[in-house]
Amino acid sequence: MKIVAIVGSLRKDSYNKQLAATIQERNMERFDLEILDLSVLPHYNQDEENNPSEAVVDFKRKVKEADGLIIVTPEYNWSIPGVLKNALDWLSRVDKVLIGKPVMTAGAATGLAGTLRAQLHLRQILTALQVKLLSPVGNEILVNQAGTKFADGKLTDEATIKFIDDVVDRFVKFISE
(Lines give C-alpha, C1' and ligand atoms only; values in the text may rest on other atoms or scores of the structure.)
Protein backbone atom coordinates (compact mmCIF):
# COMPACT_ATOMS: atom_id res chain seq x y z
CA MET A 1 0.00 0.00 0.00
CA LYS A 2 1.26 3.47 -0.92
CA ILE A 3 0.28 6.50 1.18
CA VAL A 4 1.53 10.06 0.84
CA ALA A 5 1.56 12.73 3.52
CA ILE A 6 1.59 16.47 3.19
CA VAL A 7 2.63 18.62 6.11
CA GLY A 8 1.43 22.20 6.25
CA SER A 9 4.56 23.49 7.94
CA LEU A 10 7.84 24.46 6.35
CA ARG A 11 9.63 24.89 9.70
CA LYS A 12 12.67 22.64 10.01
CA ASP A 13 11.84 21.36 13.50
CA SER A 14 8.06 21.36 13.05
CA TYR A 15 6.11 19.15 15.45
CA ASN A 16 3.85 18.34 12.51
CA LYS A 17 6.79 17.06 10.46
CA GLN A 18 7.82 15.01 13.49
CA LEU A 19 4.26 13.65 13.75
CA ALA A 20 4.33 12.60 10.07
CA ALA A 21 7.76 11.02 10.57
CA THR A 22 6.41 9.10 13.59
CA ILE A 23 3.58 7.66 11.50
CA GLN A 24 6.08 6.81 8.77
CA GLU A 25 8.54 5.07 11.11
CA ARG A 26 5.92 3.12 13.05
CA ASN A 27 4.28 1.76 9.90
CA MET A 28 7.18 1.07 7.53
CA GLU A 29 6.41 -2.65 7.56
CA ARG A 30 2.71 -2.09 6.75
CA PHE A 31 2.80 0.54 4.01
CA ASP A 32 5.08 2.90 2.14
CA LEU A 33 4.60 6.48 3.37
CA GLU A 34 6.23 9.29 1.43
CA ILE A 35 6.19 12.75 3.01
CA LEU A 36 5.92 15.25 0.17
CA ASP A 37 7.75 18.58 0.19
CA LEU A 38 5.38 21.54 -0.16
CA SER A 39 8.21 24.07 -0.28
CA VAL A 40 8.87 23.25 -3.96
CA LEU A 41 5.38 24.25 -5.10
CA PRO A 42 4.94 27.67 -6.69
CA HIS A 43 1.99 29.83 -5.67
CA TYR A 44 -1.15 28.60 -7.38
CA ASN A 45 -1.90 30.70 -10.46
CA GLN A 46 -4.87 29.94 -12.66
CA ASP A 47 -2.93 31.24 -15.66
CA GLU A 48 -0.50 28.33 -15.19
CA GLU A 49 -2.85 25.52 -14.17
CA ASN A 50 -2.96 23.94 -17.64
CA ASN A 51 0.81 24.05 -18.01
CA PRO A 52 2.17 23.77 -14.45
CA SER A 53 5.79 23.47 -13.40
CA GLU A 54 7.44 20.06 -13.17
CA ALA A 55 7.25 20.32 -9.36
CA VAL A 56 3.45 20.60 -9.54
CA VAL A 57 3.15 17.79 -12.11
CA ASP A 58 5.27 15.48 -9.92
CA PHE A 59 3.37 16.44 -6.75
CA LYS A 60 -0.03 15.79 -8.33
CA ARG A 61 1.16 12.50 -9.83
CA LYS A 62 2.34 11.22 -6.44
CA VAL A 63 -0.95 12.10 -4.79
CA LYS A 64 -2.97 10.61 -7.65
CA GLU A 65 -1.04 7.33 -7.57
CA ALA A 66 -1.26 6.97 -3.79
CA ASP A 67 -3.86 4.74 -2.16
CA GLY A 68 -4.43 7.35 0.55
CA LEU A 69 -3.40 10.78 1.78
CA ILE A 70 -2.56 11.95 5.29
CA ILE A 71 -2.71 15.71 5.81
CA VAL A 72 -0.84 16.95 8.86
CA THR A 73 -1.52 20.57 9.68
CA PRO A 74 -0.45 23.10 12.25
CA GLU A 75 -2.93 25.80 13.25
CA TYR A 76 -2.24 29.35 12.11
CA ASN A 77 -4.80 31.98 13.18
CA TRP A 78 -7.45 29.30 13.83
CA SER A 79 -7.04 27.89 10.32
CA ILE A 80 -4.69 26.04 8.03
CA PRO A 81 -1.41 27.55 6.79
CA GLY A 82 -1.23 29.19 3.38
CA VAL A 83 1.29 26.63 2.12
CA LEU A 84 -1.21 23.83 2.75
CA LYS A 85 -4.08 25.74 1.10
CA ASN A 86 -1.80 26.38 -1.88
CA ALA A 87 -1.09 22.63 -2.20
CA LEU A 88 -4.80 21.82 -1.98
CA ASP A 89 -5.56 24.42 -4.66
CA TRP A 90 -3.07 22.76 -7.04
CA LEU A 91 -4.51 19.31 -6.27
CA SER A 92 -8.08 20.45 -6.87
CA ARG A 93 -7.63 22.00 -10.30
CA VAL A 94 -7.75 20.60 -13.85
CA ASP A 95 -7.37 16.82 -13.24
CA LYS A 96 -8.75 17.11 -9.66
CA VAL A 97 -6.72 14.24 -8.21
CA LEU A 98 -8.39 14.41 -4.79
CA ILE A 99 -11.90 13.37 -5.82
CA GLY A 100 -12.65 10.09 -4.05
CA LYS A 101 -9.17 9.92 -2.47
CA PRO A 102 -9.16 8.43 1.06
CA VAL A 103 -7.88 11.16 3.41
CA MET A 104 -6.99 11.29 7.10
CA THR A 105 -6.17 14.49 8.98
CA ALA A 106 -3.78 15.06 11.86
CA GLY A 107 -1.97 17.88 13.58
CA ALA A 108 0.17 18.93 16.50
CA ALA A 109 0.29 22.21 18.41
CA THR A 110 1.60 23.50 21.70
CA GLY A 111 -1.82 24.65 22.98
CA LEU A 112 -4.54 22.67 24.75
CA ALA A 113 -6.83 22.30 21.71
CA GLY A 114 -4.16 20.85 19.46
CA THR A 115 -5.12 21.78 15.92
CA LEU A 116 -8.87 21.42 16.40
CA ARG A 117 -9.89 24.66 14.67
CA ALA A 118 -7.47 24.14 11.77
CA GLN A 119 -8.76 20.61 11.25
CA LEU A 120 -12.39 21.78 11.31
CA HIS A 121 -11.54 24.31 8.61
CA LEU A 122 -9.55 21.69 6.69
CA ARG A 123 -12.51 19.30 6.77
CA GLN A 124 -14.72 22.01 5.24
CA ILE A 125 -12.23 22.44 2.42
CA LEU A 126 -11.85 18.69 1.90
CA THR A 127 -15.61 18.23 1.73
CA ALA A 128 -15.72 20.76 -1.11
CA LEU A 129 -12.92 18.82 -2.85
CA GLN A 130 -14.97 15.59 -2.67
CA VAL A 131 -12.40 13.44 -0.89
CA LYS A 132 -13.31 10.24 0.92
CA LEU A 133 -12.75 11.52 4.45
CA LEU A 134 -12.12 9.27 7.44
CA SER A 135 -14.96 9.97 9.87
CA PRO A 136 -13.91 12.49 12.52
CA VAL A 137 -15.55 10.60 15.38
CA GLY A 138 -12.59 9.27 17.36
CA ASN A 139 -10.26 9.70 14.42
CA GLU A 140 -8.99 13.23 14.88
CA ILE A 141 -5.27 13.09 15.62
CA LEU A 142 -4.97 16.22 17.71
CA VAL A 143 -1.64 16.25 19.50
CA ASN A 144 -1.94 19.00 22.08
CA GLN A 145 0.84 20.35 24.28
CA ALA A 146 3.29 19.08 21.68
CA GLY A 147 6.24 20.62 23.51
CA THR A 148 5.76 18.07 26.27
CA LYS A 149 5.18 15.07 23.98
CA PHE A 150 8.16 15.32 21.62
CA ALA A 151 11.84 15.10 22.53
CA ASP A 152 14.81 15.25 20.18
CA GLY A 153 12.54 15.12 17.13
CA LYS A 154 10.62 12.04 18.32
CA LEU A 155 7.14 11.59 19.72
CA THR A 156 7.68 10.10 23.19
CA ASP A 157 4.25 10.18 24.85
CA GLU A 158 3.10 6.54 24.98
CA ALA A 159 -0.64 7.28 25.25
CA THR A 160 -0.45 9.55 22.20
CA ILE A 161 1.55 6.96 20.26
CA LYS A 162 -1.04 4.29 21.08
CA PHE A 163 -3.90 6.55 19.98
CA ILE A 164 -2.14 7.41 16.70
CA ASP A 165 -1.48 3.73 16.02
CA ASP A 166 -5.19 2.98 16.53
CA VAL A 167 -6.30 5.79 14.18
CA VAL A 168 -3.78 4.75 11.52
CA ASP A 169 -5.11 1.17 11.78
CA ARG A 170 -8.62 2.47 11.11
CA PHE A 171 -7.33 4.54 8.18
CA VAL A 172 -5.65 1.53 6.59
CA LYS A 173 -8.93 -0.40 6.88
CA PHE A 174 -10.82 2.62 5.50
CA ILE A 175 -8.55 2.70 2.43
CA SER A 176 -9.20 -1.00 1.82
CA GLU A 177 -13.01 -0.66 1.93
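Structure's up top.
What comes next concerns the included structure. This is a predicted model, so every value here is computed, not measured.

Helices that pack against each other are described as a pair by the angle of their axes relative to one another and the distance between those axes. Two elements in contact, helix H2 (residues 54–65) and helix H3 (residues 82–91), have axes whose closest approach is 10 Å; the angle formed by their N-to-C orientations is 80°. Between H2 and H3, the angle falls in the class roughly perpendicular. For the pair H2 and H3, contact is made by Val 56, Phe 59, Lys 60 and Val 63 and by Ala 87, Trp 90 and Leu 91, respectively.

With that out of the way, let us pick up the environment of Glu 158. Relative to the assigned elements, Glu 158 resides in helix H6 (residues 158–176). Residue classification places Glu 158 among the exposed positions, given a relative accessible area of 59%. In this structure, the C-alpha to C-alpha distance between Glu 158 and Ile 71, residues 87 residues apart in sequence, is 22 Å.

Here we take up the pairing of strand E2 (residues 32–36). Relative to E2, strand E1 (residues 2–7) runs parallel, the two being bridged by five bridges. Bridge pairing in E2 links Ile 3 to Leu 33. Each parallel crossover has a hand, and for E1 linked through helix H1 (residues 15–26) to E2 it is right-handed.

Quick look at the packing of aromatic side chains now. What the rule picks out here adds up to three aromatic pairs. Measuring from centroid to centroid gives 5.3 Å for Tyr 15 and Phe 150, while their planes differ by 35°, and the two rings are tilted. Placement of Tyr 15 in helix H1 and of Phe 150 in strand E7 (residues 150–151) is noted, with a sequence separation of 135 residues between them. Judged by its relative accessible area of 8%, Phe 150 is buried.

Packing of H3 against helix H4 (residues 116–128) brings their axes to within 11 Å, and their N-to-C directions diverge by 10°. Regarding the angle of H3 to H4, the classification is roughly parallel. Here Leu 84, Lys 85 and Leu 88 of H3 come into contact with H4, specifically with Leu 122, Ile 125 and Leu 126. For the contact of H3 with H4, the per-class residue count stands at five nonpolar, no polar and one charged.

Burial runs high along H3: seven of the 10 residues are buried. Taken together, the buried positions of H3 are Val 83, Leu 84, Asn 86, Ala 87, Leu 88, Trp 90 and Leu 91. Contacts made by the buried residues of H3 are with E1, H2, strand E3 (68–72) and H4.

Here we come to unusual backbone geometry. Of note in this structure, Trp 78 is not a glycine but carries a positive phi near 65°. Tracing the sequence through the fold places Trp 78 in the loop between E3 and H3. Here Trp 78 falls in the exposed class, since its relative accessible area comes to 60%. Its identity as a non-glycine residue notwithstanding, Gln 130 has a phi of 65°, on the positive side. Mapped onto the elements, Gln 130 comes out in the loop between H4 and strand E5 (132–133).

Counted according to the given criterion, the structure contains 14 salt bridges. We note a salt bridge from Arg 93 to Glu 49, for which the minimum N-O separation is 2.8 Å. Taken as a pair, Arg 93 in the loop between H3 and strand E4 (102–108) and Glu 49 in the loop between E2 and H2 lie far apart in primary sequence, 44 residues in all. The exposure class assigned to Arg 93 is partly exposed, which follows from its relative accessible area of 30%.

If you trace the backbone, Gln 119 turns up in helix H4. Spatially, the C-alpha atom of Gln 119 lies 22 Å from that of Lys 64, the residues being 55 residues apart in sequence. Here Thr 105 takes part through its side chain, which lies 2.7 Å from a polar atom of the side chain of Gln 119.

Rules and cut-offs
- Residues numbered from 1 in each chain as written.
- Predicted model: local features only at pLDDT ≥ 70, side-chain atom pairs only at ≥ 80, totals over all residues.
- Heavy atoms only, no water.
- Axes fitted to C-alpha atoms, helices over the stretch in contact; angles between N-to-C directions.
- Helix = DSSP H or I, 4+ residues; strand = E, 2+ residues; numbered from the N terminus.
- Parallel < 35°, antiparallel > 145°, perpendicular 65-115°, else oblique.
- Contact = heavy atoms within 4.5 Å.
- Buried < 20%, exposed > 50% of the residue type's maximum accessible area, 1.4 Å probe, protein only.
- Pairing = 2+ DSSP bridges.
- Right-handed = clockwise from strand over helix to strand, strands pointing away.
- Phe/Tyr/Trp six-rings, centres within 6.5 Å; stacked < 30°, edge-to-face > 60°.
- Nonpolar A, V, L, I, M, F, W, Y, C, P; charged D, E, K, R; others polar.
- Salt bridge = Lys/Arg side-chain N within 4 Å of Asp/Glu carboxyl O.
- Polar contact = N/O pair within 3.5 Å; in protein donor to acceptor, adjacent residues only side chain to side chain.

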